[in-house]
There are 2 protein chains.
Amino acid sequence: MNQSTGSPPWAERRLRVMRSELCRVVEPGDLMGWAAVTALGVERTHQLALGGEEPSPGEQEAAARQAAEAGLRRTAGLRDALKRWRTRAAQADGARDLAALEDFGGGLLIPEDAAWPQQLNDLQAAAPLGLYFRCRGSGRSTHPQQVYAAAADRLPRPGRCIAVVGAREMSDYGGQVAAELAEQLAAREVAVLSGGAYGVDAAAHRAALAAGTSGFASSVAVLAGGADRFYPAGNEPLLRSIADHGLLLTEMAPGSAPTRHRFLQRNRLIAALADAVVVVEARWRSGALSTAHHALELGRPVGAVPGSVYSASSAGCHRLLQQTPAQLVTDAAEVMQMVAAAALEQDPLPLPESSAQRHRSDPDPLEGLGEAERRIYDALPARRLTTAGRLSQVAGLAMPQVLSGLSRLQRRGLAAETNGQWGRARPPAP
Amino acid sequence: MNQSTGSPPWAERRLRVMRSELCRVVEPGDLMGWAAVTALGVERTHQLALGGEEPSPGEQEAAARQAAEAGLRRTAGLRDALKRWRTRAAQADGARDLAALEDFGGGLLIPEDAAWPQQLNDLQAAAPLGLYFRCRGSGRSTHPQQVYAAAADRLPRPGRCIAVVGAREMSDYGGQVAAELAEQLAAREVAVLSGGAYGVDAAAHRAALAAGTSGFASSVAVLAGGADRFYPAGNEPLLRSIADHGLLLTEMAPGSAPTRHRFLQRNRLIAALADAVVVVEARWRSGALSTAHHALELGRPVGAVPGSVYSASSAGCHRLLQQTPAQLVTDAAEVMQMVAAAALEQDPLPLPESSAQRHRSDPDPLEGLGEAERRIYDALPARRLTTAGRLSQVAGLAMPQVLSGLSRLQRRGLAAETNGQWGRARPPAP
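The model shown is predicted, which means the values in this text are computed figures rather than measured ones. (Residues numbered from 1 in each chain as written. Chains lettered and ligands numbered in written order. Predicted model: local features only at pLDDT ≥ 70, side-chain atom pairs only at ≥ 80, totals over all residues. Heavy atoms only, no water.)

**Considering the overall build of chain A**
Tallying secondary structure elements over chain A gives 18 helices and 11 strands in all. Relative to its full complement of 430 residues, chain A shows a buried share of 52%. Contacts in chain A between residues at least 24 apart in sequence constitute 76% of all its contacts with a sequence separation of at least 6. For chain A, the exposed surface amounts to about 18,500 Å²; the carbon and sulfur share of it is 50%. (Helix = DSSP H or I, 4+ residues; strand = E, 2+ residues; numbered from the N terminus. Buried < 20%, exposed > 50% of the residue type's maximum accessible area, 1.4 Å probe, protein only. Contact = heavy atoms within 4.5 Å. Areas by Shrake-Rupley, 256 points an atom, 1.4 Å probe, with all protein chains shown as cover.)

Here it is as structure tokens:
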């Protein structure tokens, strides 16, 4: 099913089975699972967790060091973790689980797969040990290989996946915004990622499915329980449809029930898989805000849709806009602009060394500029674009000063304007 | 009427008459009026504009220098300005205008008055030459002195005046928000400042008047025409009521018609007189946005009320929130928080020199801190408070890092938290 590891098929299958059993026994959020696998490898961790072997003092130290390096200060040691994991060992049967999944059109993606979504590595120690998927809602699949190929094809691609999340108790307004956003995104061949809940999640998936073109997985749902469980029950037809035309993902082994803890852990997967998270509606305290905060932690841009100041369903969005770097968005075009601006920021083009050296000995390009122009130049991002309003805030200068300063900097070849946004001009050619 | 200039009453009256005549002939926005008065004085400018005298080459140069110093590059010279001003000389009769105004309960405030709102000086070259007022809607006043005292009493006080502005074509939602904001502000004895238009202006004034306590002028309107003109006509009862219980202000001489140009110029007075401007509803292009931009230029905080992404009446507010440093506000408490934060920022407490010197030789308080804590400390404002979200943005660190870093800085006495906002801790006492 996977040609990328270069291992013979039986070795690859064995790895998949072991990872499936580790997924079964290690609860999401138990970061010692990642530390042990990273320090000791999948096979050895599996022997310890499921084979009844005891870790050597050196192995305990290696796992603890890995945990400490990942900043997991409050994690107890490997022996304590093994005690937790072994309580579930009797339930673990990776071969059975994989066979059952593959039977109904699913499987388990593992980090060793070429198709593994590299975005998940941004989670570092919180990265999942594996990712179950389902890409058939019903019926049997005769060729597991085709199912894995379909899943790989339907996985969110970097730059083409937006999470649309929000309250279960959405207003008519929230439903309309979620549907229009999802529809506009899907029409641009951008996948809509969300949970499987009633409310905003369901409205976004429905609209994305309706707007999706053939051959493009417009709707991807990340579940908090097993891929064989359609939860909530009322959304079963929708979730089957997502599996048929899009993709269901979960880090929970088949049969696992969604719990409150797993919903919260699930939110980090949504944040990591998406290029941006858009909160359509959220109450003052809302699970959607946890997804937004995960995204901010990961450096993903977050958009929030404004609404009536009288709507409790918008209070969480307004709170995000006031208290975090979340940005106000009103439609899909603004969401994609936000993603493009963040991509420029996060992926700076390295300056060739020769050029960097040349510039080091150049005369000061700011010579002769006034205090205000210098402050504006300092505030201008080198590798992305920003608005004059933002420059005004960063430089602490009034807007007319910023605008006249920018036009002076532009005349001197120090600032460049693109579609009303400003950045530093590229250094002139030698 | 005014004891502050220390001049005999006739000299003070003469000054008021001269300024009134200058207000009549110099159109708002003609910044050469300010340059001439500043360079040559009121009396000499009056002789030139209304007495038919010709400026000496030295006077022309002084006025031009004053204009250039104020950054007015594109202003033509004094002789051209005099040509403009003299076209209206025949209409100027300051004694008649003042008598008429005082007769119906108004007058002219001038910069030489103790009661002159010092906030207007922030306008620099765009400051008005005088400010007509009306504090009686109808009936005659027997004592002009009382009228001036009443006006002085009703003028917006720094820290206690918020402009509530917005679209004429407001939605029901905009009307409700404007009324609740104004009511909540007036209930805190904060004056509501606005124009006199239909829509948001009128809704804000009505609610402020209804919520005002006796002896407190809860409603102040700045007009684009003369104080004897109630415009628009349908708002005459409201404007009379504002005059009776609050204050009408304008820089236009009596009888002057409001023009498009004067509406735009009037907006700068609203921005300068208020501690903050709140835009309740505005279309993509709206006069309310010009008031907001004037406020941002003056360094006044600007709040914008969010609304439905489908409402054209909220598009301008969303635009402000996306493109300028305007802040999202949902009620009066948030508006007052915004004003308090901005006041701390603009009026830093000077550190006593001895203390500053002592700290210069202190050991590095950041010794032993990690990179993240140092970046958070650098991002912490010294003299005001900010949110963790903003710190995350400024320091470029994820929220959990910011929160844990803040708590470490707090334990070391380097950061202090007040009502969920953060600043640097005051240096410890010696």
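**Some words on the pattern of salt bridges**
One pass over the structure, following the stated rule, counts 40 salt bridges over all chains. One salt bridge in this structure joins A:Arg79 and A:Glu54, with 3.4 Å as the shortest N-O distance. On the criterion of sequence distance, the pair formed by A:Arg79 in helix 5 (residues 78-86) and A:Glu54 in the loop between helix 3 (42-50) and helix 4 (57-69) is long-range, its members being 25 residues apart. Assessed through its relative accessible area of 42%, A:Glu54 is described here as partly exposed. The closest approach of N and O atoms between B:Asp122 and B:Arg300, which form a salt bridge, is 2.9 Å. Of the two residues, B:Asp122 is situated in the loop between strand 1 (106-109) and strand 2 (131-134) and B:Arg300 in the loop between helix 12 (287-297) and strand 8 (302-304); the sequence distance between them amounts to 178 residues. Among the residues examined, B:Asp122 registers a relative accessible area of 40% and is labelled partly exposed. Judged by its relative accessible area of 10%, B:Arg300 falls in the buried class. Residues joined in a network through salt bridges with shared partners are A:Glu12, A:Arg16 and A:Asp113. (Salt bridge = Lys/Arg side-chain N within 4 Å of Asp/Glu carboxyl O.)

**Digging into the environment of B:Leu273**
Residue and element names in this part refer to chain B. Relative to the helices and strands, Leu273 is located in helix 11 (residues 260-273). Spatially, the C-alpha atom of Leu273 lies 42 Å from that of Arg408, the residues being 135 residues apart in sequence. Dropping the residues within four chain positions of it, Leu273 is found in contact with Pro117, Gln119, Leu120, Pro156, Cys161, Leu193, Val222 and Leu249.

**Some points on the relation of the copies chain A and chain B**
Rotating chain A by 179° about the axis while translating it 0.2 Å along that axis superimposes it on chain B, leaving an RMSD of 0.3 Å. Read as a symmetry element, the transformation amounts to a two-fold axis. Rotation axis and chain A: the residue whose C-alpha lies nearest the axis is A:Gly307, separated from it by 2.2 Å. A share of 97% of interface residues in chain A that are also interface residues in chain B marks the association as one of identical surfaces. (Least-squares fit on C-alpha atoms with pLDDT ≥ 70 in both.)

**A closer look at the interface of chain A and chain B**
Each partner contributes residues to the interface: chain A has 31 residues there, and chain B has 32 residues. With both chains or domains summed, chain A and chain B bury close to 2,600 Å², and 62% of this area falls on carbon and sulfur atoms. Interface area lost by chain A to chain B is led by A:Val309, A:Tyr310 and A:Gln322, which between them contribute 23%. Seen at the junction of chain A and chain B, the total is 0 salt bridges. (Buried area = accessible area lost by both parts, 1.4 Å probe.)

**Quick word on the sheet that holds strand 1 of chain B**
Hydrogen bonds between backbone atoms are what pair the strands of a sheet, whose relative direction is either parallel or antiparallel. All names here are of chain B. Read across the sheet, 9 strands follow the order 1-2-6-5-4-3-7-8-9 without closing on themselves; strand pairing throughout is mixed. Each edge of the open sheet is held by one strand with a lone partner, namely strand 1 and strand 9 (327-328). Relative to strand 6 (residues 247-250), strand 5 (residues 219-222) is paired through 3 bridges, and the arrangement is parallel. By the bridge assignment for strand 6, Ala221 is matched with Leu248. (Pairing = 2+ DSSP bridges.)

**Some words on the side chain of A:Thr250**
Residues and elements named next belong to chain A. Looking at the secondary structure, you find Thr250 in strand 6 (residues 247-250). Looking at Thr250, its side chain comes within polar contact range of the main-chain oxygen of Gly225, at 2.8 Å. Not counting chain neighbours up to four residues away, the residues in contact with Thr250 comprise Leu131, Tyr132, Leu223, Ala224, Gly225, Gly226 and Ala227. (Polar contact = N/O pair within 3.5 Å; in protein donor to acceptor, adjacent residues only side chain to side chain.)

**Digging into the domain arrangement of chain A**
When its domains are assigned, chain A resolves into domain 1 (1-92), domain 2 (123-342) and domain 3 (364-424). A C-alpha centroid distance of 37 Å is found between domain 2 of chain A and domain 3 of chain A. (Domains from an automatic or database assignment.)

**Side note on the sheet that holds strand 9 (residues 327-328) of chain A**
Residues and elements named next belong to chain A. In space, the 9 strands of this open sheet follow the order 1-2-6-5-4-3-7-8-9, with mixed pairing throughout. Each edge of the open sheet is held by one strand with a lone partner, namely strand 1 (106-109) and strand 9. Note: strand 3 (residues 161-165) against strand 4 (residues 191-194), 3 bridges, orientation parallel. Residue pairing across strands places Ala163 opposite Leu193, the latter belonging to strand 4.

**Brief notes about the packing of aromatic side chains**
Under the definition given, this model contains 6 aromatic pairs over all chains. With centroids separated by 6.1 Å and ring planes inclined at 50°, the aromatic side chains of A:Tyr231 and A:Phe263 adopt a geometry described as tilted. Residue A:Tyr231 is found in the loop between strand 5 (219-222) and helix 10 (236-245), and its partner A:Phe263 is found in helix 11 (residues 260-273); the two are separated by 32 residues along the sequence. Overall, A:Tyr231 belongs to the partly exposed group, its relative accessible area being 47%. Of note, B:Arg319 hangs over the ring of B:Trp284, and the distance from its end group to the ring centre comes to 4.2 Å. In this structure, B:Arg424 is placed above the aromatic ring of B:Tyr377, and the distance from its NZ or CZ to the ring centre is 4.2 Å. (Phe/Tyr/Trp six-rings, centres within 6.5 Å; stacked < 30°, edge-to-face > 60°. Lys NZ or Arg CZ within 6 Å of the ring centre and 35° of its normal.)

**A word on the nonpolar core**
Grouped together as the largest cluster of nonpolar side chains are 155 residues, with contacts concentrated most on A:Trp85 and B:Trp85. For B:Trp85, the contacting residues outside a window of four places in its chain are B:Val25, B:Val26, B:Asp30, B:Met32, B:Gly33, B:Ala36, B:Thr45, B:Ala49 and B:Leu78. (Core = buried A, V, L, I, M, F, W, Y, C linked by side-chain atoms within 4.5 Å.)

**Quick look at the pairing of strand 1 of chain A**
Residues and elements named next belong to chain A. Burial along strand 1 is two-sided: Gly106 and Leu108 facing one way and Gly107 and Leu109 facing the other are all buried. Judged from the 4 bridges that link them, strand 1 and strand 2 (residues 131-134) form a sheet pairing that is antiparallel. Paired with Leu109 across the bridge in strand 2 is Leu131.

**Observations concerning the environment of B:Ala332**
Residue and element names in this part refer to chain B. You can see Ala332 is positioned in helix 14 (residues 332-346). Distance from Ala332 to Arg188, taken between C-alpha atoms, is 9.2 Å for residues 144 residues apart in sequence. If we ignore the near neighbours within four places in the chain, the residues touching Ala332 are Leu181, Gln184, Leu185 and Arg188.

**Re unusual backbone geometry**
Following A:Tyr231, the chain continues into A:Pro232 via a peptide bond in cis, with omega recorded as -5°. Summarising the element assignment, A:Pro232 is placed in the loop between strand 5 and helix 10. Notably, A:Gln124 is not glycine yet its phi reads approximately 50°, a positive angle. As for its placement among the helices and strands, A:Gln124 is situated in the loop between strand 1 and strand 2. For B:Glu189, which is not glycine, the phi dihedral falls at a positive 60°. Relative to the helices and strands, B:Glu189 resides in the loop between helix 8 (172-187) and strand 4 (191-194).

**Focus: helix 11 of chain A**
Residue and element names in this part refer to chain A. Its 14 residues place the ends of helix 11 21 Å apart at the C-alpha level, agreeing with the 20 Å of an ideal helix rising 1.5 Å per residue. Buried residues dominate helix 11, accounting for 10 of its 14 residues. Listed as buried for helix 11 are Arg262, Gln265, Arg266, Asn267, Arg268, Leu269, Ile270, Ala271, Ala272 and Leu273. (Expected span 1.5 Å × (residues − 1).)

**Considerations on helix 6 (residues 94-103) of chain B**
Buried within helix 6 of chain B are the following residues: B:Gly94, B:Asp97, B:Leu98, B:Leu101 and B:Glu102. Seen along its axis, helix 6 of chain B keeps its buried residues to an arc of 125°; they face one direction. (Arc of directions from axis to C-beta.)

**Description of the packing of helix 2 (residues 32-40) of chain B against helix 4 (residues 57-69) of chain B**
All names here are of chain B. Following both chains from N to C, one finds helix 2 and helix 4 inclined at 120°, their axes separated by 8 Å at the closest point. When the interaxial angle is binned, helix 2 and helix 4 end up oblique. Crossing angle aside, the handedness with which helix 2 passes helix 4 is right-handed. On helix 4, the residues that touch Met32, Trp34, Ala35, Thr38, Ala39 and Leu40 of helix 2 are Glu59, Ala62, Ala63, Ala64, Gln66 and Ala67. (Axes fitted to C-alpha atoms, helices over the stretch in contact; angles between N-to-C directions. Parallel < 35°, antiparallel > 145°, perpendicular 65-115°, else oblique. Left-handed = near helix turned anticlockwise from the far one by under 90°.)

**Overview of the state of the cysteines**
Under the counting rule described, the total for this entry stands at 0 disulfides over all chains. A:Cys23 carries a free sulfur, and the closest cysteine sulfur to it, the one in A:Cys135, is 17 Å from it. A:Cys23 sits in the buried class, given a relative accessible area of 6%. No disulfide involves B:Cys135; its sulfur sits 16 Å from the nearest other cysteine sulfur, which is in B:Cys161. (Disulfide = S-S within 2.5 Å.)

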